[in-house]
Amino acid sequence: MTDLSARLRPVAEDDLAMFRRFLTEPGLIGLDWTGYRDAQAPARRFATDGYLGEENGRFIVEVDGESAAGFVSYSAGQYGAAGKYFEIGIALLPEWRGRGVGWRAQAMLTDYLFEHTVAQRVQAGTHAENAAEQKSLVKAGFQLEGVVRACEFRAGQWRDGYLYSRLRTDPAPTY
């Protein structure tokens, strides 16, 4: 257990340097590294809407009121005619992983989406080999729904992933 306090806040211009690091430092983002990406893209997106879009966006995960530990993201999707949902993700800097920050941030983002949107469902996918993220999602109130076969092309091959979800009616964890 940790005594770190985590909170979410909107992205600030100073945070763009961290976003550029995730795009240009191999391995910093862990298994989600998909090659070098446009390092100027974060500034362009920030100028558009500050990463606070209705359909997708990001929040900074701040620890102890001062340190940006990483970010959480959300992206809207839809099942059928009225089944809007959000898919969330997280990227923490290595020094903040395994310290109880990630599950809290994901639980907070899910609560935020349930409070400010009509979505009934929030889902998250993770790599089959990422046991730490699987535990984090369960701690954040998510349930494993199953294996999504061959859903991701990474490191030269197609790989399976796990899909987790939390419904508005599911109990929220205490963080």
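Residues numbered from 1 in each chain as written. Predicted model: local features only at pLDDT ≥ 70, side-chain atom pairs only at ≥ 80, totals over all residues. Heavy atoms only, no water.

### Focus on helix α3 (residues 101-116)
For step 1, the next point in the chain: With 16 residues, α3 extends 22 Å between its outermost C-alpha atoms, agreeing within 8% with the 22 Å of an ideal straight helix rising 1.5 Å per residue.
For step 2, the next point in the chain: Counting buried residues in α3 gives twelve out of 16 residues, a clear majority hidden from the surface.
For step 3, the next point in the chain: Residues V101, G102, W103, R104, A105, Q106, A107, M108, L109, T110, L113 and F114 constitute the buried set of α3. (Helix = DSSP H or I, 4+ residues; strand = E, 2+ residues; numbered from the N terminus. Expected span 1.5 Å × (residues − 1). Buried < 20%, exposed > 50% of the residue type's maximum accessible area, 1.4 Å probe, protein only.)

### What to know about helix α1 (residues 16-24)
For step 1, the next point in the chain: Among all positions in α1, only L16, M18, F19 and F22 are buried. The arc enclosing the buried residues of α1, seen along the axis, measures out at 160 degrees, which places them on a common side.
For step 2, the next point in the chain: Lining the buried residues of α1 we find α2 (41-49), β2 (56-63), β3 (67-79) and β4 (83-92). (Arc of directions from axis to C-beta. Contact = heavy atoms within 4.5 Å.)

### What about the sheet that holds β2?
For step 1, the next point in the chain: Here seven strands make up an open sheet; going across it, the order is β1-β2-β3-β4-β5-β7-β6 and the pairing mixed. Each edge of the open sheet carries a strand with a single partner, namely β1 (6-9) and β6 (143-154). The average undirected angle you get between the axes of adjacent strands in this sheet is 30 degrees.
For step 2, the next point in the chain: Strands β2, β3 and β4 of the sheet are contacted by α1, whose axis makes an angle of about 70 degrees with β3.
For step 3, the next point in the chain: Across the sheet, α3 lies against β1, β2, β3, β4, β5 (121-127) and β7 (157-167), angled at about 155 degrees from β4, the strand it touches most. (Pairing = 2+ DSSP bridges. Axes fitted to C-alpha atoms, helices over the stretch in contact; angles between N-to-C directions.)

### Some thoughts on the packing of α1 against α2
For any two helices packed against each other, the geometry comes down to the angle between their axes and how far apart the axes lie.
For step 1, the next point in the chain: Across the interface, α1 lies against α2 with an axial gap of 9 Å and an inter-helix angle of 140 degrees. Judged by the angle between their axes, α1 and α2 are oblique. In the crossing of α1 with α2, the sense of the turn from one axis to the other is right-handed. Taken together, the residues of α2 that come into contact with α1 (itself represented by L16, F19, R20 and L23) are P42, A43 and F46.
For step 2, the next point in the chain: Considering only residue class, the contact of α1 with α2 consists of six nonpolar, no polar and one charged. (Parallel < 35°, antiparallel > 145°, perpendicular 65-115°, else oblique. Left-handed = near helix turned anticlockwise from the far one by under 90°. Nonpolar A, V, L, I, M, F, W, Y, C, P; charged D, E, K, R; others polar.)

### A closer look at the environment of A43
For step 1, the next point in the chain: For A43, the position within the fold is in helix α2.
For step 2, the next point in the chain: When its relative accessible area of 29% is taken as the criterion, A43 is described as partly exposed.
For step 3, the next point in the chain: For the pair A43 and Y74, spaced 31 residues apart in sequence, the C-alpha separation works out to 18 Å.

### Considering the pattern of salt bridges
For step 1, the next point in the chain: The full count for this structure, using the stated rule, is eleven salt bridges.
For step 2, the next point in the chain: Between E55 and K84 there is a salt bridge whose closest N-O contact spans 3.3 Å. On the criterion of sequence distance, the pair formed by E55 in the loop between α2 and β2 and K84 in strand β4 is long-range, its members being 29 residues apart.
For step 3, the next point in the chain: Here E55 falls in the partly exposed class, since its relative accessible area comes to 41%.
For step 4, the next point in the chain: Relative accessible area serves as the criterion here: at 28%, K84 is assigned to the partly exposed category.
For step 5, the next point in the chain: One salt bridge in this structure joins R154 and E129, with 3.0 Å as the shortest N-O distance. Remark: E129 occurs in the loop between β5 and α4 (131-139) and R154 occurs in strand β6; sequence separation between them is 25 residues.
For step 6, the next point in the chain: Judged by relative accessible area, R154 falls into the buried class, the value being 8%.
For step 7, the next point in the chain: Judged by relative accessible area, E129 falls into the partly exposed class, the value being 44%.
For step 8, the next point in the chain: Because the salt bridges share partners, they merge into one network encompassing R7, R9, D15 and E62. (Salt bridge = Lys/Arg side-chain N within 4 Å of Asp/Glu carboxyl O.)

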